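# Structural features, examined
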Amino acid sequence: MKKALIDLHVHTNFAGHAYSTVKENIDTANLVGLKYLGISEHGVKMPGGPHEFFFHNLKVIPRIVGDVKILRGMEANILNFDGKTDLDEDTSKKLDYAIASLHNPCIAPGTKEENTRALLKVMDNPKVKIIGHPDDNRYEIDYEMVVKKAAEKNILLEVNNSSLNPNSSRKGAEENYIKMFEYCKKYNARVIFGSDSHICYSIGNFENCEKLIKKADFPERLVINYWEEEIVKFFNIEF
């Protein structure tokens, strides 16, 4: 199996419920041999999360530290079933990418149709490059509709290593990802592994993701983490 080069779903102590600093995360990314690391703190509507100034000031973090290139991001919270998030237009100009996710503190689960509409609508936001952890039984979705639009919009679907942990609050991830993978193969939609790290020791750890794609016989060509040329092309950032 190829080596994963990028981890864009990473939290810091600015989340209010994570335990490592930006520096600790970057140092760990260098230690484990990542080439790209994202700073993707929760948006401002997450209880305990950072002020918008946190995102506006990401410019002070060097673009390259050691052997790791740094991307500036946010895990934006989806706030309603029409795809509204807590990523405002001014903040979006400061960022390289956004992950859009459904989180229970920010939006209560709706019907399958409502949850699906929320993800379809949020994909119309040009800053949203990734749909975060589309794997939670609490947020039932129509996987074919979501995957088809992700393929059409060239948006990455996350395979979340944390969701696949037995102690995760999100249940049903393995079964839901296997279902999602079948549609990814059908529509040629790409996925991205994310550690969803809340402490530096899990930066770049995709063990659960890699076990699952092997079990599901999912093609490595659809996993962007493995292909540096595709990473550079997709995010189109000068370092």
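Right, let's walk through the structure included here. (Residues numbered from 1 in each chain as written. Predicted model: local features only at pLDDT ≥ 70, side-chain atom pairs only at ≥ 80, totals over all residues. Heavy atoms only, no water.)

## Thoughts on the overall build of the chain
For the record, the criterion: Only DSSP runs of H or I covering at least 4 residues are called helices, and only runs of E covering at least 2 are called strands; the numbering of each starts at the N terminus. Each radius of gyration is computed over the set of C-alpha atoms, and the globule rule expresses the reference value as 2.2 Å times the number of residues to the power 0.38. Relative accessibility thresholds used throughout: buried, under 20% of the residue-type maximum; exposed, over 50%; partly exposed, between the two (1.4 Å probe, protein chains only). Contact criterion: two residues are considered in contact whenever any of their non-hydrogen atoms come within 4.5 Å of each other. In this tally, Lys and Arg are treated as positive and Asp and Glu as negative; His is ignored, and so are the chain termini. Taken as the charge centre is NZ of Lys, CZ of Arg, CG of Asp or CD of Glu, depending on the residue.
Across its full length, the chain holds eight helices and eight strands. Relative to the compact-globule value of 18 Å for 239 residues, the chain shows a C-alpha radius of gyration of 16 Å, a close match. Along the three orthogonal principal directions, the C-alpha set of the chain runs to about 40 × 40 × 35 Å. When each of the 239 residues of the chain is scored for burial, the buried share is 54%. Taking contacts inside the chain between residues at least 6 apart in sequence as the whole, the part at least 24 apart equals 77%. Distance between charge centres in the chain, computed from 32 positive and 35 negative side chains, equals 3 Å.

## Focus: helix H8 (residues 228–235)
Three or four residues apart is the spacing at which side chains of an α-helix point the same way, because the helix has 3.6 residues per turn. Using the following cut-off: Note: the arc covers the axis-to-C-beta directions of the helix.
Residues Ile231, Phe234 and Phe235 constitute the buried set of H8. One face of H8 carries all of its buried residues, which in axial projection span an arc of 80°. Away from the buried face of H8 by more than 90 degrees, exposed residues Glu229 and Lys233 are located. The secondary structure elements touched by the buried residues of H8 are strand S1 (6–7), strand S2 (36–42), strand S4 (68–77), strand S5 (97–101), strand S6 (128–131) and strand S7 (156–160). After H8 finishes, the residue Asn236 shows a positive phi value of roughly 50°.

## Digging into the nonpolar core
Put simply, the rule reads: Take the buried Ala, Val, Leu, Ile, Met, Phe, Trp, Tyr and Cys residues and link them wherever side-chain atoms come within 4.5 Å; each set so joined is a nonpolar core.
In this structure, Ile131, Leu157, Val159, Met180 and Phe181 are the most contacted members of the largest nonpolar core, which totals 40 residues. For this core, the secondary-structure elements that each account for two or more residues are helix H4 (112–122), S6, helix H5 (143–153), S7, helix H6 (173–187), strand S8 (191–194) and helix H7 (207–215). Among the elements that make up this core, the one with the highest residue count is H6 (five residues). Excluding anything up to four places from it in sequence, Ile131 contacts Ile99, Ala100, Leu119, Val122, Met123, Ile155, Leu156, Leu157 and Glu158. Of all hydrophobic cores here, the second largest spans 20 residues; its members include Ala29, Phe54, Ile61 and Leu95.

## Notes on the environment of Ser20
The line we're drawing: The definition of a polar contact used here is a pair of N or O atoms within 3.5 Å, where within protein one atom must be able to donate a hydrogen and the other to accept one, and adjacent residues in sequence count solely through side-chain atom pairs.
Tracing the chain through its elements places Ser20 in the loop between S1 and helix H1 (22–32). Ser20 gets classed as buried once you look at its relative accessible area, which sits at 1%. As a C-alpha pair, Ser20 and Tyr201 span 181 residues in sequence and 9.0 Å in three-dimensional space. If we skip the residues at most four places from it in the chain, Ser20 touches Thr12, Asn13, Asn25, His198, Ile199 and Cys200. A polar contact of 2.8 Å, which involves the side chain of Ser20, links it to the backbone nitrogen of Cys200.

## Considerations on the layout of surface pockets
The cut-off we apply is this: Space inside and on the surface of the protein is sampled on a 1 Å grid over the protein atoms alone, with a cavity defined as a set of points where a 1.4 Å probe fits but cannot get out and a pocket as an open set with protein on both sides within 12 Å along at least 5 of 7 lines; lining residues have an atom within 4 Å of a point. Grid points are joined across faces, edges and corners, and a volume is the space filled by probe spheres set on the points. Gly counts as polar in this scheme, as do all residues outside two lists: the nonpolar Ala, Val, Leu, Ile, Met, Phe, Trp, Tyr, Cys and Pro, and the charged Asp, Glu, Lys and Arg.
Put simply, the largest pocket is a space of about 350 Å³. Forming the walls of the largest pocket are 19 residues, and the residues nearest its centre are Ser162, Ser168, Ser169, Arg170 and Asp196. When grouped by side-chain class, the residues that make up the lining of the largest pocket number four nonpolar, eleven polar and four charged. The volume enclosed by the second largest pocket comes to roughly 180 Å³. Taken together, 14 residues make up the lining of the second largest pocket; nearest its centre are Ser163, Leu164, Asn165, Ala173 and Glu174. When contributions to the lining of the second largest pocket are tallied by element, the ones reaching two or more residues are H6 and H7. No other element matches the four residues that H7 contributes to the lining of the second largest pocket. Its residues assigned to classes, the lining of the second largest pocket shows four nonpolar, five polar and five charged.

## Here's the deal with the packing of aromatic side chains
Filter applied, for reference: Pairing of aromatic rings covers Phe, Tyr and Trp, the last through its six-membered ring, and needs centres within 6.5 Å; plane angles under 30 degrees mean stacked, over 60 mean edge-to-face, and all others mean tilted.
Considering all chains together, one arrives at nine aromatic pairs under this definition. Aromatic rings pair up to connect Phe14, Phe54 and Phe55 into one cluster.

## Remarks on the side chain of Arg72
Applicable threshold: Salt bridges, as used here, are contacts in which a Lys or Arg side-chain nitrogen is within 4 Å of a carboxyl oxygen on Asp or Glu.
By secondary structure assignment, the location of Arg72 is in strand S4. One buried charged residue, Arg72, forms no salt bridge at all, with the nearest opposite charge on Asp96 at 5.1 Å. Once you skip the residues sitting within four places of it in the chain, Arg72 turns out to touch Ile39, Leu58, Lys59, Ile61, Arg63, Lys94, Leu95, Asp96 and Tyr97.

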